[in-house]
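These are the residues of each chain, in order.
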Amino acid sequence: MEIYQIVSFISLFLSVVIYIIALKKEFTAKKLIIRLEKEASQKGLIKLSKKAEENAKKNYLKFSKQMSTQSSLLVKEYLESSFNKSKEDLDKKQEELFKNLEEDIKKIKQEKIAQINDAVSKTVKKLSQEILKTEINKQVDQDLILKELDEFLGSKNGN
Amino acid sequence: MEIRKDYLPKCMLDKDLETLLLATTTLKSLLYRNMSLKEMLEQMPKQFADFINDNLKNLSTNDQLFEKIQQLETYFKGLDELQIVIAKEPQQEFLEEIKKRLNNFTKGVVYLKIKIDERLFAGCQIYYQGRFFDGSLPSLINKYVA
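S.K.: With reference to specific residues and values, describe the pattern of salt bridges.
M.R.: A full pass over the atoms with the stated rule returns 14 salt bridges over all chains. Residues A:Arg35 and A:Glu39 are paired through a salt bridge, measuring 3.8 Å at the closest nitrogen-oxygen approach. A residue pair is termed a helical-turn pair when its members lie 3 or 4 positions apart in one helix, as A:Arg35 and A:Glu39 do in helix H1 (residues 3–135) at 4 residues. Three or more residues are tied together by salt bridges with common partners; here these are A:Asp150, B:Glu97, B:Lys100 and B:Arg101.

S.K.: Could you give an account of the interface of chain A and chain B, with specific residues and numbers?
M.R.: Across the boundary between the two partners, chain A contributes 20 residues, which contact 23 residues of chain B. Carbon and sulfur atoms supply 70% of the area that chain A and chain B bury against each other, a total of about 2,200 Å² over both sides. Summed over the shared surface of chain A and chain B, the number is 1 salt bridge. Two residues, A:Asp150 and B:Arg101, come together in a salt bridge whose shortest N-O distance is 2.9 Å. One can count 3 residue pairs in polar contact (both at pLDDT 80 or more) joining chain A with chain B. Looking at which element gives the most residues to the side of chain A that touches chain B, the answer is helix H2 (residues 138–158) of chain A, with 15 residues. The class makeup of the residues in the side of chain A that touches chain B is 8 nonpolar, 5 polar and 7 charged.

S.K.: Pulling in residues and values, what's your account of the packing of aromatic side chains?
M.R.: Under the defined criterion, the tally for this structure stands at 4 aromatic pairs over all chains. Both rings, one in A:Phe152 and one in B:Phe133, keep their centres 6.1 Å apart while their planes meet at 45 degrees; by these two values the pair is tilted. One end of the pair, A:Phe152, is in helix H2; the other, B:Phe133, is in strand S5 (residues 131–134), on a second chain. By relative accessible area, which is 21% here, B:Phe133 ends up partly exposed. Arranged with centres 4.7 Å apart and planes meeting at 35 degrees, the rings of B:Tyr127 and B:Phe132 form a pair that is tilted. Aromatic ring contacts, followed pair by pair, group B:Phe51, B:Tyr75 and B:Phe76 into a single cluster.

Cut-off values and rules
- Residues numbered from 1 in each chain as written.
- Chains lettered and ligands numbered in written order.
- Predicted model: local features only at pLDDT ≥ 70, side-chain atom pairs only at ≥ 80, totals over all residues.
- Heavy atoms only, no water.
- Salt bridge = Lys/Arg side-chain N within 4 Å of Asp/Glu carboxyl O.
- Helix = DSSP H or I, 4+ residues; strand = E, 2+ residues; numbered from the N terminus.
- Contact = heavy atoms within 4.5 Å.
- Buried area = accessible area lost by both parts, 1.4 Å probe.
- Polar contact = N/O pair within 3.5 Å; in protein donor to acceptor, adjacent residues only side chain to side chain.
- Nonpolar A, V, L, I, M, F, W, Y, C, P; charged D, E, K, R; others polar.
- Phe/Tyr/Trp six-rings, centres within 6.5 Å; stacked < 30°, edge-to-face > 60°.
- Buried < 20%, exposed > 50% of the residue type's maximum accessible area, 1.4 Å probe, protein only.

As structure tokens, this is what we get:
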């Protein structure tokens with residue numbers, strides 16, 4: 001066999017080997033690419049889902065904050081209005097009660113005063129009667145009568 | 001015919017008026033029974049007898065006398081009444097004091113009526129010619145205490 005044949009043969013063999021190696025390399029590269037792609041896709045999804053989760057959390061927090069603010073406002077308004085209403089009602093009732101109380105007190109006061117006056121006048125009258133019956137000096141009484149008669153006659157004369 | 005009042009006291013009490021009215025009634029009834037005026041008047045207190053005598057002395061006929069007595073009776077019944085209400089029965093001295101004051105005051109004759117009301121306690125109430133004066137003790141208390 002000639003040299004060129006040997007060389008050619010070796011070359012061919014080498015070529016085949018190289019080709020096989022290349023094929024293998026290609027296969028490995030492809031596999032790697034697929035794996036990389038898969039990983040990349042997985043990473044992207046995770047990232048997206050994380051982002052979505054974050055967004056959702058953010059939105060939720062924002063929303064809940066808004067809701068909380070609104071609901072607290074609503075509650076506050078409701079409480080304020082019901083408090084005002086209750087306060088007005090209470091004020092009205094209190095006013096009415098005070099009015100009634102004042103009238104009652106006035107009435108009771110008048111009744112009590114009348115009772116006291118009555119009792120006092122009765123007692124005074126009784127005491128006076130007893131005292132007057134026994135204590136009035138005849139001379140004093142006569143002097144008083146004569147003085148009054150003089151006054152009456154004097155005024156009559158004046159007329 | 002005018003009534004002569006020289007012998008008539010200016011102030012007469014119940015009993016005086018009663019005496020005078022009784023006298024006039026008696027005089028009228030006895031007038032036609034031939035009793036002398038003197039006999040009739042002897043039965044009366046001197047002052048009233050003098051008064052009646054003074055008014056009847058110049059009258060001669062029974063009719064004239066009757067008319068005069070009638071006139072006197074009407075006069076007595078129409079006397080102004082001064083009523084004094086007091087708390088206790090007055091003594092004679094006190095009555096005399098009242099009469100003295102009325103004598104000084106009145107131009108005519110007044111019939112003084114004394115009424116007793118214990119509720120006055122002291123002082124008096126006076127009614128005269130439609131006027132009323134309340135000087136009783138309850139009224140004075142009301143006046144000064146109220």
